[in-house]
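Take a look at the letters that make up each chain.
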Amino acid sequence: MNEPIIILDGLTKQYDQLVAVDHLHLTIYRGEIFGLLGPNGAGKSTTILMLLGLTEPTSGKVRVCGIDPVTHPVEVKRKVGYLPDNVRFYDDLTGLENLIYTGQLNRMTKKQAREKALGLLSRVGLSGAAHQKAGTYSRGMTQRLGLADVLMKDPEVIIMDEPTVGIDPTGAKEFLELILKLSKEDSITVLLSSHYLLQVQEICDRIGLFVKGKLIAVGDISSLSRELFANEPFIIEATVQYPLSAYADSNRVVDLQQLFAKIDGVKQVVVENERVKIFAARDIAPQVARTIVHAGLDLISLSRREHGLEDIYQRYFEKETEIAV
Ligand code: ADP
Ligand code: MG
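Chemist: An account of unusual backbone geometry is requested, with residue identities and associated values reported.
Modeler: Notably, Asp154 is not glycine yet its phi reads approximately 45°, a positive angle. Looking at the secondary structure, you find Asp154 in the loop between helix H5 (139-151) and strand S6 (157-161). A residue is classified by how much of its surface remains accessible, and Asp154, at 56% relative accessible area, is exposed. Here Ser187, not a glycine, exhibits a phi torsion of approximately 50°, which is positive. If you trace the backbone, Ser187 turns up in the loop between helix H6 (169-186) and strand S7 (189-194).

What follows is the structure, given as structure tokens:
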């Protein structure tokens, strides 16, 4: 457990004046699905190229499965399946023929390669298109073929650059679920980059937020949320109703604003008719419920939500913008 598979230590890539990747420190463990998340130009692809030995770091250290891709790129490629953002196949060969070709490049006999390819085409849901030319595949089908292609060599690690770009939302969701399923079945470590935070969130064990060459936060969604919003409010929404008897006696109509402001930990109360939104430093849903009932009001609904990935993402990016200005 917790065996490091990818280690980045101060990894830096500079193009002339531009620091595309800036002292990146990151460890990814065996069996993990890690999402490198960030907007276009963040440095995701550059990082991936350095992991594969396809571009050389300016400084810093990389290890993939214990191997240095700078000095041993071929050994790394043997263990790592790479699905680039613009994966292409031989258009005039069928999906099956493309996979057989890959298998043969990986020192399989044609028979072995064919058997393996047929199995993989079935696993990625392309059996029906096995004998169709790859040039006729949709973007989603091409990505599935890409996944089958990287699996031909039984990789320890799969690295995918923007795997859902150009696929419709439903297709993207299905493709990500397929990645999740295959990686868990075969215990493969996955590193994927994306600028689609909500999609990626669902399948990643951890994510790293990457902006302007810097990794600004790493963790699972809830720990990121805790870290970032430690002093920020929980949001509790309540709908209340005054019992009919309250209207007969105006003294009994309660000032909702004052009622909730008294609860310890409340930062702000917003009242809109009988709907109340309470921003609090801690989870005070039970106190809110009790307060409503004690005040003689009817509690119609109560919901509590924590900040989600969208909030996290926006917050980090806002921060980064402020720094940049
Ligand atoms: P991402 O994949 O997150 O969109 P990239 O790694 O492609 O980001 O790019 C990071 C930054 O490095 C960008 O500003 C990009 O323009 C720059 N860059 C990428 N490749 C090169 C290159 N070969 N020469 C010069 N600048 C580059
Ligand atoms: Mg990119």
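Chemist: Got a sec to walk through helix H1 (residues 44-51)? Specific residues and values, please.
Modeler: Burial within H1 is extensive, with 6 of its 8 residues counted as buried. Restricting attention to buried positions, one finds in H1 the residues Lys44, Thr46, Thr47, Ile48, Met50 and Leu51. Just beyond H1, the residue with positive phi is Gly53, at close to 75°.

Chemist: Now, about the sheet that holds strand S5 (residues 80-83): what can you tell me, with residues and values included?
Modeler: Here 6 strands make up an open sheet; going across it, the order is S5-S6-S7-S3-S8-S9 and the pairing mixed. Each having just a single partner strand, S5 and strand S9 (214-219) make up the two edges of the open sheet. Mean inter-strand twist for the sheet, computed between neighbouring axes without regard to direction, equals 15°. Taken together, the 4 bridges between strand S3 (residues 33-37) and strand S8 (residues 206-211) define a ladder with parallel strand orientation. Pairing of Leu36 across the sheet is with Gly208, part of S8. On top of the sheet, H1 reaches S3, S5, S6, S7 and S8; it is set at about 150° to S6, its chief contact.

Chemist: Go over the pairing of S8 with me, naming the residues and quoting the values.
Modeler: The buried count for S8 comes to 5 of 6 residues, which makes it a mostly enclosed element. Note that S8 and S9 share 5 bridges and pair antiparallel. Looking at the pairing, Phe210 lines up with Leu215 of S9. Counted along the chain from S8 to the antiparallel partner S9, the turn is 2 residues long, and its residue Lys212 has a positive phi close to 45°.

Chemist: Can you break down the side chain of Ser183 residue by residue, with the values?
Modeler: For Ser183, the position within the fold is in helix H6. When neighbours within four sequence positions are excluded, Ser183 is seen to be in contact with Ile33, Ile188 and Val190.

Chemist: Give a description of empty space enclosed by the protein that names residues and reports values.
Modeler: The probe, sized like a water molecule, is rolled over the atoms to show the empty space still left. Enumeration over the complete set of coordinates arrives at 1 cavity of 30 Å³ or more. Every residue along the wall of the largest cavity is listed here: Leu147, Leu151, Ile158, Ile179, Leu182, Ser183, Ile188 and Val190. For the lining of the largest cavity, the elements supplying multiple residues, two or more each, are H5 and H6. Among the elements that line the lining of the largest cavity, the one with the most residues is H6, at 3 residues. The residue inventory of the lining of the largest cavity, partitioned by class, reads 7 nonpolar, 1 polar and no charged.

Chemist: Help me get a handle on the pattern of salt bridges, residues and values and all.
Modeler: One pass over the full model with this rule turns up 19 salt bridges. The partner of Lys116 in a salt bridge is Asp154, and the shortest N-O contact between them spans 3.0 Å. Highlighted residues: Lys116 in helix H4 (residues 110-123) and Asp154 in the loop between H5 and S6, separated in sequence by 38 residues. Across the salt bridge formed by Glu177 and Lys173, the nearest N and O atoms sit 3.1 Å from each other. One end of the pair, Glu177, and the other, Lys173, are both in helix H6, 4 residues apart, so they sit about a helical turn from each other. Bridged by salt links that share partners, the residues Glu3, Arg30, Lys79 and Glu156 form one connected network.

Quick notes on the rules
Residues numbered from 1 in each chain as written. Chains lettered and ligands numbered in written order. Predicted model: local features only at pLDDT ≥ 70, side-chain atom pairs only at ≥ 80, totals over all residues. Heavy atoms only, no water. Helix = DSSP H or I, 4+ residues; strand = E, 2+ residues; numbered from the N terminus. Buried < 20%, exposed > 50% of the residue type's maximum accessible area, 1.4 Å probe, protein only. Pairing = 2+ DSSP bridges. Axes fitted to C-alpha atoms, helices over the stretch in contact; angles between N-to-C directions. Contact = heavy atoms within 4.5 Å. 1 Å grid on protein atoms, 1.4 Å probe; cavity = no way out; pocket = protein on both sides within 12 Å on 5 of 7 lines; lining within 4 Å. Points joined across faces, edges and corners; volume = space filled by probe spheres on them. Nonpolar A, V, L, I, M, F, W, Y, C, P; charged D, E, K, R; others polar. Salt bridge = Lys/Arg side-chain N within 4 Å of Asp/Glu carboxyl O.

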